[in-house]
Each structure stands twice: as structure tokens, then as C-alpha cells.
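# Survey of secondary and tertiary structure
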Amino acid sequence: MEGRGLKARMYFFAFVISLLLFTVGLVLGWQWGFSAANEMKGELDALAAEGSGVELVTLMENETFACPIYQSEFGALFQRTEEYGARLAELELRKGKLDSEVMSLKEGYAAMQLRNYLLQQRMDSRCGTESNVIIYFYSNENYSPETDEGLQIGQVDREFGAYTYHFDVNVDSPVVRGLKASYAISSVPTLIINGERHSGFMPAQQIREVLERQNA
Amino acid sequence: MSSLLGFFLAFVTVYLSVLFLLIYMENAEEMEDPQPSRFPSIDIIVPAYNEEEHIAETIESLLELEYEGKKRIIVVNDGSKDRTLAVAKRFVKKGVLVLDKPNGGKASAMNVGLKHANAELVAVLDADSIVAEDALGHMVGYFDDKRVAAVTPMMKVWRSSTPVQALQRAEYIVNSFAKKVLEQLDSITVTPGPFSIYRRDVLSKLGGFDEKTVTEDQEIALRIQKANWKIASSYGAVVYTDAPSSLLELYKQRKRWYRGFLENAWRYRGLIHPSYGDLGMFVLPSTLALVVVGIFGLFYSLYSTLASPFALRVDLAPMFLGPSELVIAIAALCSFSLVILAARKLNERNPVSLFISTAIMSPLMAVFWLFIILGAVKDSISGVRLAWKGEG
């Protein structure tokens, strides 16, 4: 039998075509990622406007009017902020933690979180309600699902009706800088559970035990 | 890490689909079955073990084969414990040669048949398969090329009475089409038990079928390749074969196939050499590389999922259409084009249902595959003897 051939040209062409198709996919994907970031900017503005509305109502001096509005509206506002945060985390995962648009959105989100937190603190004391509150400082550098404290908190917070506020210590904003200074954050993850400080990774069960003790 | 692996596998899918489509487009005209210039004599060997259910139908399908040349059917009963021999003997008066031997495995039964064969061509047919009436006419034309030592048919699933069989339908179609494309690269590495035809003198010169391997159809194909003969694949010769009906049967079958693949890959590692052209420089190295990456990828995915089940939630519910989704969509589109083309060329009526089957089958097989490979490696190391498909 005659010698066998090698269709090297065919393999090369197939490689070039595949590379082109792949590049088109990647470019389109990134483009869609950008439009998603713009869309999220609009959503953040809407969320901020909604938060301002709730805030204005709670500024009313008369607790008889303010408290029922706070109690009916704040939970929904918190929920929407949480959902927004989850989408932002997804966007960060896709675009990278150093992406400037993501960081800008995270600045706005941190401000939203702080405002919600302060609003809640004020209204809890005025309306005589007591909520479980977890403030969670984290960093996405060297991220791995095994050490994602957010996943651990997510297993427990609903069980205790706890409000969790997440702050990425790498976000360069006055809000985050102020909070870091206020709670003297030197390492992550750090959790402030109902004012009690816990540094280092905490499994869900450990968080549960703290909340159970505090609520006993 | 996992996204890098995902991108790599998506790229490989796109690359292989594009490559197959390019090869198809360049050779489309040459891929049609050639008209035979003559009709050489042919002996059809049917090795049978405990096939009382299927053997009559199989022999009848062979007797009904349209063929202008001389043909003879040789049934070799390999010490069946059921009524296979008695059923086969009913066809003696119709000219079927029925041989009986003590149980020794499929390859030994085929070798006994080969010893009794005297025709120019020898076909082998598993006793659980039936052949379309016009199959021989589609296949023998390839032997006009003196370099061709074997011709394989298009295999389809005989009955799709269970979901597992229905899922394999698509797989068989795609594999048959892939084999036709691989023919253009002189790189067919298996001559399946269901109705492959060989030149008898070449088969005898090469020493017949290997009785020690668990996949004699793959081993003989690699031996033919090593001896620099060609293996062709026919579009039009359709053979219907009984596919495993349950996951357990499928597991046993595939474990045997992969064990044979691993053992034969090692045994014929010398084929990975520039002198074997596309086979030695592309097909065999890339197949082995994909097996290694596949094993690593599946272990890694399994480890990541078990280590952090909550992380899976994020991956399964993407909220944005990003680069990963786009490249996966492109890979799926390329595979879809290939399935549609395969279905069209093989006269399948419903290519969309075939694609859906493929889409279901692929992830199922990916998980299943890891267990199959592990089982195959274990069997290979412990040397478990598998006499007939799935036994042992």
C-alpha cells in the first residue's frame, strides 16, 4: 500500500475556523456582559430611589404612621437589594473582580447596604422591634467555594430571620472605608453577629450556635 | 480552573465538528458507495452463543440478502446452553452450514468459521443483528480497490423499546457518520461485529481474530491498519443491531469496549507514528488525549460538586448571557449541524428528535463514562475474562 498522508492543511483550516467562531462567541459574550452592567446601573438607580422613598416615610415623627410603613416596606426593599447583590456577584464572577464597571456598581451597592442597615437600626429602636443582624466583611481575592462565608451564612440567616449586610473590603469607597475603620477590620472574613465580632471562617453550624445563644 | 476546562472542551467540540464538516464537504462525492464491477463469492460467519431468541431472524435476514454473487452462511454455535443449535439446524436444508464447538468465546467461534470459509470475502455478523436486503450490493464495490481489506456497514439500533435504546439510536447514527468521515482519513479503528466484511486472504494472513482480547473487532481493525491496509465504510449498507436495553447492560457493554480500547491502545501504541499519517499523527493521539482530559475533567467536576454542593447552584442558574454561554451555544450549534447532516445522509426522518436524544445522552454518558472507565481499568488490571458481550 502507498504511504499514508496527513491532511495538515485541513486540520489547520479547521483550527482557524474554530478559533474565529470561538472569538466571535467570546466577543459577543463580553458585549452582552457590558450591556448587562449598564442595565444593572439603571436598576441600582431605581433601587436607590425606592430606598429614598422608604427613608422619607420613616423620617415622619409619628411612630404610629411610620412604623407600619417601615414594617411593610423595609422587608421588600431588603429582599430586592439582596437579589440585586446576587446578580452583582454573578456579574463579578463573569467579568472579573478587577472590572471597573463591576467595582463601580459594588460601590453603589455598598452605599445601598449601609443605608438599609442604618435605616433598620433607627427604625428598630423607634418601633421596638428586634431583628438579628449580620454584617459580613469579605474579599473575593483567592476565592474558593469551600471558603465562601456567604454560602455558610445563606444556610442560616433565613432560619433566624436575620438581615445580612455584605461588604467587600476591596471596594474603594468612603462607605466601606468608614465601616472598616468603625469595626477595626484587619482580616477577612469577619462577621459582626448582633454586634458580636467573629474573625475567620465560620461554618454554618457555628453561626447557628451563636444566633441560638444570642436569641435564647 | 473548571471554566478553563469548560472552554477547552467547548473548543474541542467546535474544532472536531468543524473538522468533520470540512472533511465531509471536501469528500462528499467520493463518499457515495461505489458500484461493484464484479460480485465476489462471500461466506457469512454468524458466531452464536445463547441466541435462541434472535438466531432464526438473523439467518432469515441473511438468506434474503440480494446478491448476484455466490454466498454461503456459516453458523458457529459456541457451546450455547439454550436451543441456539437446534434453531440454527432448521436452516441446514436451506444451505446454511451449522458448526458446533465447545464454548471458547466469540473470537474462537469466528476463527472456526474462518477455517471453514473458502470464499474470496468473509463477513461476520453478530447473531443479534439483522442486515438490510441490499447491504451486500452497497459494500462489495469497495473491494474493487485492491488496497481495501475490510468494509464496515452503517449500524442502526434494531429496536428502541426502552428509553436507553432510544437514546442510543442517535449515538449509533452519529458514530456511523463519524466512521464514514474517518474513512477519508484512513483512520477507522473498529470493524464492528454486526456485518463487517473482510478479504479472506488478508484476514487469514493476519492470523484471524485474536481470541484473548475483549474487543476482537477493534483489535483486528488496528491490526489491519498496522499492516497498512485500508478499511472503508459504507453509507448505504444498513445493519440493525440489538442495543442494550437497560443502564446495567449498557454499563457492561461500554466497560468491555473501553477495556478493549485501553488494552488495544497500549498494544498498538506503535501506530502513533508519522508513518501512519492522519491515524498516527491526529486520530489516535487526540483520542487518547481526550480520554485523559475527560477522566481528569470528570474527576475534577465530581470533586468540586461533592466538596461544595452549593456552588453548583450558581453554575446551574446563570443570570447573564456571558462568554461561557455563548461558546457553549456555538459548540452546541456545531454539534447540531453534524447530527443533522448525519441524520440526512443516513435517511433518518426526524433529525430534531435525534438531536434531542444526543443532548440527553451526552451529559448522561459523561457521568456514566467515569464509572465505565474505572470499571474497565479495574477489569483490565484484574484480568477478568469476558467471553461474550457483557459476560463475566
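Residues numbered from 1 in each chain as written. Chains lettered and ligands numbered in written order. Predicted model: local features only at pLDDT ≥ 70, side-chain atom pairs only at ≥ 80, totals over all residues.

## Observations concerning the overall build of chain B
Each helix and strand counted, chain B has 13 helices and eight strands in total. Considering chain B as a whole, with its 392 residues, one finds that 43% of them fall into the buried category. Partitioning the contacts of chain B with sequence separation of at least 6, the portion at a separation of at least 24 is 81%. (Helix = DSSP H or I, 4+ residues; strand = E, 2+ residues; numbered from the N terminus. Buried ≥ 20, exposed ≤ 12 C-beta atoms within 10 Å, placed from the backbone. Contact = placed C-beta atoms within 7 Å.)

## Re helix H6 (residues 163-184) of chain B
Here H6(B) is 22 residues long and its end C-alpha atoms lie 33 Å apart, about the 32 Å a rise of 1.5 Å per residue gives. The positive-phi residue at the C-terminal boundary of H6(B) is B:Asp186, with phi of around 55°. (Expected span 1.5 Å × (residues − 1).)

## A closer look at unusual backbone geometry
Here A:Val188 and A:Pro189 are connected by a cis peptide whose omega angle stands at -5°. The topology assignment puts A:Pro189 in the loop between helix H5 (174-182) and strand E3 (190-193). For B:Asp186, which is not a glycine, the phi torsion comes out positive at approximately 55°. Mapped onto the elements of the fold, B:Asp186 is located in the loop between H6 and strand E7 (196-199). You can call B:Asp186 buried: it has 22 C-beta atoms within 10 Å. A positive phi angle, near 65°, is found at B:Phe195, a position not held by glycine.

## Some remarks on the pairing of strand E2 (residues 71-78) of chain B
Residue and element names in this part refer to chain B. By the criterion of burial, E2 is predominantly enclosed, with seven of the eight residues buried. Inspection of the sheet shows strand E1 (residues 42-48) paired to E2 by seven bridges, in the parallel sense. Residue pairing across strands places Asp43 opposite Arg72, the latter belonging to E2. Taking the sense of rotation as the criterion, the β-α-β connection linking E1, helix H2 (residues 55-63) and E2 turns out right-handed. (Pairing = 2+ DSSP bridges. Right-handed = clockwise from strand over helix to strand, strands pointing away.)

## So, the packing of helix H2 (residues 63-95) of chain A against helix H3 (residues 100-127) of chain A
All names here are of chain A. Between H2 and H3, whose axes approach to 10 Å, the crossing angle comes to 155°. As far as their axial angle goes, H3 and H2 are roughly antiparallel. The element H2 and its partner H3 pack so that their crossing is left-handed. (Axes fitted to C-alpha atoms, helices over the stretch in contact; angles between N-to-C directions. Parallel < 35°, antiparallel > 145°, perpendicular 65-115°, else oblique. Left-handed = near helix turned anticlockwise from the far one by under 90°.)

## Regarding H3(A)
If you check H3(A), its first and last C-alpha atoms are 40 Å apart, about what 28 residues at 1.5 Å a residue would give, namely 40 Å. For H3(A), the complete set of buried residues consists of A:Val102, A:Leu105, A:Lys106, A:Gly108, A:Tyr109, A:Ala110, A:Met112, A:Gln113, A:Asn116, A:Gln120 and A:Met123.

## Some words on the domain arrangement of chain A
Residues and elements named next belong to chain A. When the domains of chain A are assigned, the result is domain 1 (8-127) and domain 2 (132-216). Computed from C-alpha atoms alone, the centre-to-centre distance between domain 1 and domain 2 is 19 Å. The partner domain 2 presents eleven residues to the 13 residues of domain 1 that form the contact. Those elements that provide at least two residues to the side of domain 1 that touches domain 2 are H2 and H3. A per-element tally of the side of domain 1 that touches domain 2 places H3 first, with nine residues. Residue classes in the side of domain 1 that touches domain 2 are distributed as six nonpolar, three polar and four charged. (Domains from an automatic or database assignment. Nonpolar A, V, L, I, M, F, W, Y, C, P; charged D, E, K, R; others polar.)

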